[in-house]
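Inside the fold
Here is what each chain is made of, one letter per residue.
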Amino acid sequence: MSLALYAPISIACVIPGIFPQVALYTESRGNYVLYKDETRPFTDEDSDRLLNNNISTMYVRTGDFDVVSRFAEENLSQILQREDVDHESKCDALCQTSSSYLNDIFSDPEKSQDAARCQKLTGHLAKHISENKSIASLFEKMSISSPFAVKHSMQVAAISMLAWSKLFPEQYDLLVDVGVASMLHDIGMCLIMPNLSEEKDYWTTPSVDEIKRHPIEGYVFLRKHGQYSDLVLDAVRHHHERYFGGGYPGGLKGDEIRITTQVVGLADMYCTLVVDRPTRKASTPEEALAIINDETHKCFSTLLFTAFKSIIMEQLG
Ligand SMILES: [Fe+2]
Ligand SMILES: [Fe+2]
């Protein structure tokens, strides 16, 4: 059977009693075996049996994936509170639902933009980050998502929220907005290049001048919808400004750049360096921080970078 016929889902998403009426498969050595058809409900006994056999991933037909993704997103609170599944499976569920949302919005921004949906998902991510000692596993799982725009947006959200929660714990109320801003910081890229389905498309864009339009395009698009905070709009518009000037679109300097926007911009640069690109291999966290350190006198406040570096080394280094 072809791999493309089936899509993986975390066992955490398969909630007994309420899981949608779709067929479920297990996988063994590349073969997909029907576990239950769409007519039979998924029961507590099924769940116990699979968990006792250390099954962490089930498969659904790709045609059923949207239904299952929506189900998972709507029931994410319950999924993340399950006591019978492990931390890894919950990380998988969080990545899969976030990835599904971002795929929707990046493939059809006008139709799929929904501030409440983004805030709800980011709220789960905020809770996960603030409750767990390490996000290394979550960050690693995000790296297997595609296309690049999806994985990059999730990773920037994870890193900027981690940094914000450690740097400004007294401002926890801004954490979700920092996450929303990060999830959507490059949405302007999708408006400039509607076909971001392939990783290479992100890097083979027409011109630098066109790429430089993406913060403004994203800002204008989100502002038009009127549901996003000033913090979110500012970060989308100014995440490529640089602390010592020379950034775009405004050429802002120093404290003219909001601190939330500076954190998103720093997380953005870090996350761009730690993934493979067509022109170079991914940097390790240590290498990425060394590269940013060399740029710090041009790009970021020394105070912010020093604190960011220690957070990253503690969590991912
Ligand atoms: Fe950007
Ligand atoms: Fe970015």
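See the structure printed just above.
Source: prediction; values computed, not measured.

What follows covers the coordination of the iron ion (ligand 1). For a metal with four tetrahedral donors the ideal donor-metal-donor angle is 109.5 degrees, whereas six octahedral donors ideally subtend 90 or 180 degrees. At 2.1 to 2.3 Å from the iron ion (ligand 1) lie its protein donor atoms, namely Asp-186 (OD), His-214 (NE2), His-239 (NE2) and His-240 (NE2). Considering all 4 donor atoms around the iron ion (ligand 1), the spread of angles at the metal, 87 to 178 degrees, places the coordination shape in the irregular class. Here the donor residues of the iron ion (ligand 1) are spaced in sequence according to D-x27-H-x24-H-H.

A few words now on the pattern of salt bridges. On inspection of all chains with the given rule, the structure shows 15 salt bridges. Arg-213 is paired through a salt bridge with Glu-210; the nearest N and O atoms lie 3.7 Å apart. What makes Arg-213 partly exposed here is its relative accessible area of 37%. A relative accessible area of 24% places Glu-210 in the partly exposed class. Across the pair Lys-298 and Glu-295 runs a salt bridge, and its minimum N-O distance is 3.7 Å. Here Lys-298 pairs with Glu-295, and both are found in helix 16 (residues 285-299), just 3 residues apart, close to one helical turn.

This part is about the coordination of the iron ion (ligand 2). Every protein donor of the iron ion (ligand 2) is accounted for by His-152 (NE2), His-185 (NE2), Asp-186 (OD) and Asp-268 (OD), and the metal-donor separations fall at 2.1 to 2.3 Å. Seen from the iron ion (ligand 2), its 4 donor atoms lie at angles of 77 to 176 degrees, and the figure they make is irregular. All donor residues of the iron ion (ligand 2) come from one chain, and their arrangement in sequence is H-x32-H-D-x81-D. In this structure the iron ion (ligand 1) is found 3.6 Å away from the iron ion (ligand 2), and Asp-186 serves as a bridging donor for the pair. Taken together, the positions of His-152 in helix 8 (residues 148-167) and Asp-268 in helix 15 (residues 259-273) put the pair 116 residues apart, joining distant regions of the chain. On the accessibility criterion, His-152 (2% relative accessible area) is buried.

Once that is clear, we can look at unusual backbone geometry. Going from Tyr-248 to Pro-249, the amide bond is cis rather than trans, its omega being 10 degrees. A positive phi angle, close to 50 degrees, is found at Arg-29, a residue other than glycine. Of note in this structure, Asn-54 is not a glycine but carries a positive phi near 55 degrees. Within the secondary structure layout, Asn-54 lies in the loop between helix 1 (44-52) and strand 4 (57-61). Asn-54 sits in the exposed class, given a relative accessible area of 70%.

Once that is clear, we can look at the nonpolar core. Among the nonpolar cores identified, the biggest contains 86 residues, and Phe-19, Leu-125, Ile-159, Leu-184, Leu-222 and Tyr-270 are the most heavily contacted of them. For this core, the element with the most residues is helix 8, which contributes 11 residues. The residues that make up this core include at least three from each of domain 1 (1-83) and domain 2 (86-315). Not counting residues within four places of it along the chain, the set of residues in contact with Leu-125 comprises Leu-94, Leu-138, Met-142, Ala-157, Met-161 and Met-183.

Calculation criteria
- Residues numbered from 1 in each chain as written.
- Chains lettered and ligands numbered in written order.
- Predicted model: local features only at pLDDT ≥ 70, side-chain atom pairs only at ≥ 80, totals over all residues.
- Heavy atoms only, no water.
- Donors = N, O, S within 2.8 Å, 3.2 Å for Na, K, Ca; no water.
- Tetrahedral: all angles 85-135°; square planar, octahedral: opposite > 155°, others 65-115°.
- Salt bridge = Lys/Arg side-chain N within 4 Å of Asp/Glu carboxyl O.
- Buried < 20%, exposed > 50% of the residue type's maximum accessible area, 1.4 Å probe, protein only.
- Helix = DSSP H or I, 4+ residues; strand = E, 2+ residues; numbered from the N terminus.
- Core = buried A, V, L, I, M, F, W, Y, C linked by side-chain atoms within 4.5 Å.
- Domains from an automatic or database assignment.
- Contact = heavy atoms within 4.5 Å.

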